[in-house]
Amino acid sequence: MKRLLACLLILIPACLSASHFDIDSLRVDADSLKAKIMQRADSLKVKAIQRADSRSSTRWIGQLISRNFDLNAPGIDYPRFPRAVVNIYNWANNTFNTYDTLYVTSAPGNWKATVNSTNQITSSNLDFPHSDYEINILSRPYSDLSVSISFLCLSVGASVNVNKLVGRPVTRHSFNFDFTTSRLSGNLTSTSTRGGMHITRIGEHDLGMRDAIPFEDMSISSLSAELFYIFNHLRYSRAAAYSFSKIQQRSAGSFVAGLSFTHQSVSMDFSGLDDLYQSTLPEGRTDYTFRYKDYTLLGGYSYNYVIRPGRWLLNVGARISLGYRHVFEGEVNNRHDMLASDITAVAALLYNHRNFFASLSNRFNGYLYYTAKFTNFTSYLRLTATAGVRF
């Protein structure tokens, strides 16, 4: 009996020890299983988010199209980056493009399709005040025909050189970029031509365009840029007259002020003219070159006259630029520093009918180069006819 009790005393702790080992082992297995389940759930959750992001990265495009490209239409699920771009656009639009709706309203549609016919005439006049001698040079119209499609502030298009199509090729280049908001407006224009000019007057010979002398030995290039602030930006809209994205409901005008820059180069060689004309040139000089850069302050005024609200609009404006001119090839005792004085004048007549619009606009740029011996005035007149539709 004593031996049996001794055996039991030995077995009971052993059994208890074995039982404790199994329980701990089961606890460890349960914790491991739970961790694996949580890990699997997290993995499935990440994959689900990735699939949702993958769908939204393209789904928002279809949503935007179905809402006629209204960026702020409800129900568009923008991913992070497109949403940031839309937020930036909305901030800029609210900051720089707000109006008094009694005077200016938005035109319908975010898209525009336009057809443009642009015609430019370039002129350059040399005046010799001491000898009462004058040379007037005028170009035939340089013509382009272009089509474009625009969405908000973005535009793409193509143009055709009409002069080349009708058999009057002229070496020329033209580029124009223009933007406007309620507060700010700016443009960048580059143009260059060689040939295609005509002398309409030289000395006492006033020839006119009918008997003008063809003058191919002349080249003109110009790069100009301006940026100005519109003071009465709540009531006056430049975009109503030139961008067709706003409608001027009541007449209003505004003073403007800003900065402008011009790089001008003019070269003319009269050595190819007949002796009859060469013999009359002042001091027997046959070539003239003007190359300079202007850094100027500009100021002016623009006015929108509403002939009929929502239909007819007339815009007129003028800006004068004064500042510093650096001359690369000087004509004034080798001076390279001069006073810059430039002028810009614009006008436009606009017709609206529902989503259709049409306009005639012109822009005049003049650059005065003054010396003690002579004065040169070079100008560019650009006339544009536009027809288009908003949608």
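Residues numbered from 1 in each chain as written. Predicted model: local features only at pLDDT ≥ 70, side-chain atom pairs only at ≥ 80, totals over all residues. Heavy atoms only, no water.

The next subject is the overall build of the protein. In terms of regular secondary structure, the protein is built from 5 helices and 18 strands. Taking the intrachain contacts of the protein between residues at least 6 apart in sequence as the baseline, contacts between residues at least 24 apart amount to 65%. When the accessible surface of the protein is totalled, it reaches about 22,500 Å², and 61% of it is carbon and sulfur. (Helix = DSSP H or I, 4+ residues; strand = E, 2+ residues; numbered from the N terminus. Contact = heavy atoms within 4.5 Å. Areas by Shrake-Rupley, 256 points an atom, 1.4 Å probe, with all protein chains shown as cover.)

Here strand E6 (residues 171–180) runs beside strand E7 (residues 184–194); their pairing, made up of 10 bridges, is antiparallel. Paired with His173 across the bridge in E7 is Ser192. Counting the residues between successive antiparallel strands, the hairpin from E6 to E7 contains 3 residues. (Pairing = 2+ DSSP bridges.)

A separate point is unusual backbone geometry. A positive phi angle is found at Asp132, which is not glycine, with a value near 55 degrees. With respect to the helices, strands and loops of the structure, Asp132 is situated in the loop between strand E2 (111–128) and strand E3 (133–139). Relative accessible area serves as the criterion here: at 72%, Asp132 is assigned to the exposed category. If you check the backbone angles, Phe244 has positive phi at about 65 degrees while not being a glycine. Secondary-structure assignment places Phe244 in the loop between helix H4 (239–242) and strand E12 (246–248). (Buried < 20%, exposed > 50% of the residue type's maximum accessible area, 1.4 Å probe, protein only.)

Looking now at the nonpolar core. Soluble globular proteins tend to pack their nonpolar side chains together in the buried interior. Counting residues in hydrophobic clusters, the biggest one holds 29 residues, and the most contacted among them are Leu126, Ile135, Ile137, Ile199, Met268, Phe270 and Phe290. When contributions to this core are tallied by element, the ones reaching two or more residues are E2, E3, strand E8 (197–202), strand E10 (213–215), strand E11 (218–230), strand E13 (252–269), strand E14 (287–308) and strand E17 (356–370). Tyr103, Phe228, Ala252 and Val256 belong to the second-largest nonpolar core, a separate cluster that totals 10 residues. (Core = buried A, V, L, I, M, F, W, Y, C linked by side-chain atoms within 4.5 Å.)

A few words on the confidence of the model for the protein. Averaged over the protein, the pLDDT score is 81; the fraction of residues at 70 or greater is 79%. Across the protein, strand E15 (residues 312–327) holds the top mean pLDDT of 96, while helix H1 (residues 2–66) sits lowest at 55. Note that pLDDT drops below 50 for residues 4–23; the model gives that stretch 1 contact with residues more than four away or on any other chain. (pLDDT = per-residue confidence, 0-100.)

Applying the stated criterion to the full structure yields 18 aromatic pairs. Ring geometry for Tyr292 and Tyr369: centres 5.4 Å apart, planes at 35 degrees, overall tilted. Of the two residues, Tyr292 sits in strand E14 while Tyr369 sits in strand E17, which places them 77 residues apart along the sequence. Residues Tyr292 and Tyr369 agree in their burial class; the two are buried. (Phe/Tyr/Trp six-rings, centres within 6.5 Å; stacked < 30°, edge-to-face > 60°.)

Turning our eyes to something else, we now look at the pattern of salt bridges. All chains considered together, the criterion is met by 6 salt bridges. For Asp294, the salt bridge identified is with Arg325, shortest N-O distance 2.7 Å. Linking Asp294 in strand E14 with Arg325 in strand E15, this pair joins segments that are 31 residues apart in sequence. Arg325 matches Asp294 in its accessibility class, with the two residues each being buried. Residue Asp342 is joined to Arg325 by a salt bridge in which the shortest nitrogen-to-oxygen separation is 3.5 Å. You can see Asp342 sitting in strand E16 (residues 337–353) and its partner Arg325 sitting in strand E15, a full 17 residues away along the chain. Overall, the relative accessible area of 8% leaves Asp342 in the buried class. (Salt bridge = Lys/Arg side-chain N within 4 Å of Asp/Glu carboxyl O.)

The next subject is the side chain of Asn116. Relative to the elements of secondary structure, Asn116 occurs in strand E2. Owing to a relative accessible area of 15%, Asn116 belongs among the buried residues under this scheme. A distance of 2.7 Å separates a polar atom in the side chain of Asn116 from a polar atom in the side chain of Thr386. Ignoring any residue separated from it by four or fewer positions in sequence, one finds Asn116 in contact with Asp144, Leu145, Ser146, Ser148, Thr384, Ala385 and Thr386. (Polar contact = N/O pair within 3.5 Å; in protein donor to acceptor, adjacent residues only side chain to side chain.)

A few words now on the pairing of E14. Strand residues, when the strand is regular, have side chains that alternate between the two faces of the sheet. Of the strand pairs in this sheet, E13 and E14 are connected by 18 bridges, and their pairing is antiparallel. Note that in E14 the partner of Val266 across the bridge is Phe290. For E14 and E15, the ladder comprises 16 bridges, and the chain directions are antiparallel. Counted as the bridge partner of Ser302 is Gly317 from E15. Where E14 folds back onto E15 in an antiparallel hairpin, the turn is made up of 3 residues, including Gly310, whose phi is positive at roughly 80 degrees.

This brings us to the environment of Pro129. Within the fold, Pro129 resides in the loop between E2 and E3. Taking the C-alpha atoms as reference points, Pro129 and Lys373, 244 residues apart in sequence, are found 7.4 Å from one another. Setting aside residues up to four positions removed in sequence, Pro129 forms contacts with Lys373 and Phe374.

Below, the discussion takes up the environment of Tyr295. On the secondary structure map, Tyr295 appears in strand E14. Measuring from C-alpha to C-alpha, the distance between Tyr295 and Thr262 comes to 7.0 Å, with 33 residues separating the pair along the chain. In this structure, Tyr295 is in contact with Ser260, Phe261, Gly323 and Tyr324, ignoring residues within four places of it in sequence.

Three- or four-residue spacings in an α-helix give side chains the same orientation, since the helix completes a turn every 3.6 residues. Given a rise of 1.5 Å per residue, 17 residues ought to cover 24 Å, and the 24 Å separating the end C-alpha atoms of helix H2 (residues 80–96) matches this to within 8%. All of the buried residues in H2 are Pro82, Val86 and Asn90. Taken down its axis, H2 places every buried residue within 75 degrees of arc, on the same side. Relative to its buried face, H2 has exposed residues pointing more than 90 degrees away, namely Arg80, Phe81, Ile88 and Trp91. (Expected span 1.5 Å × (residues − 1). Arc of directions from axis to C-beta.)

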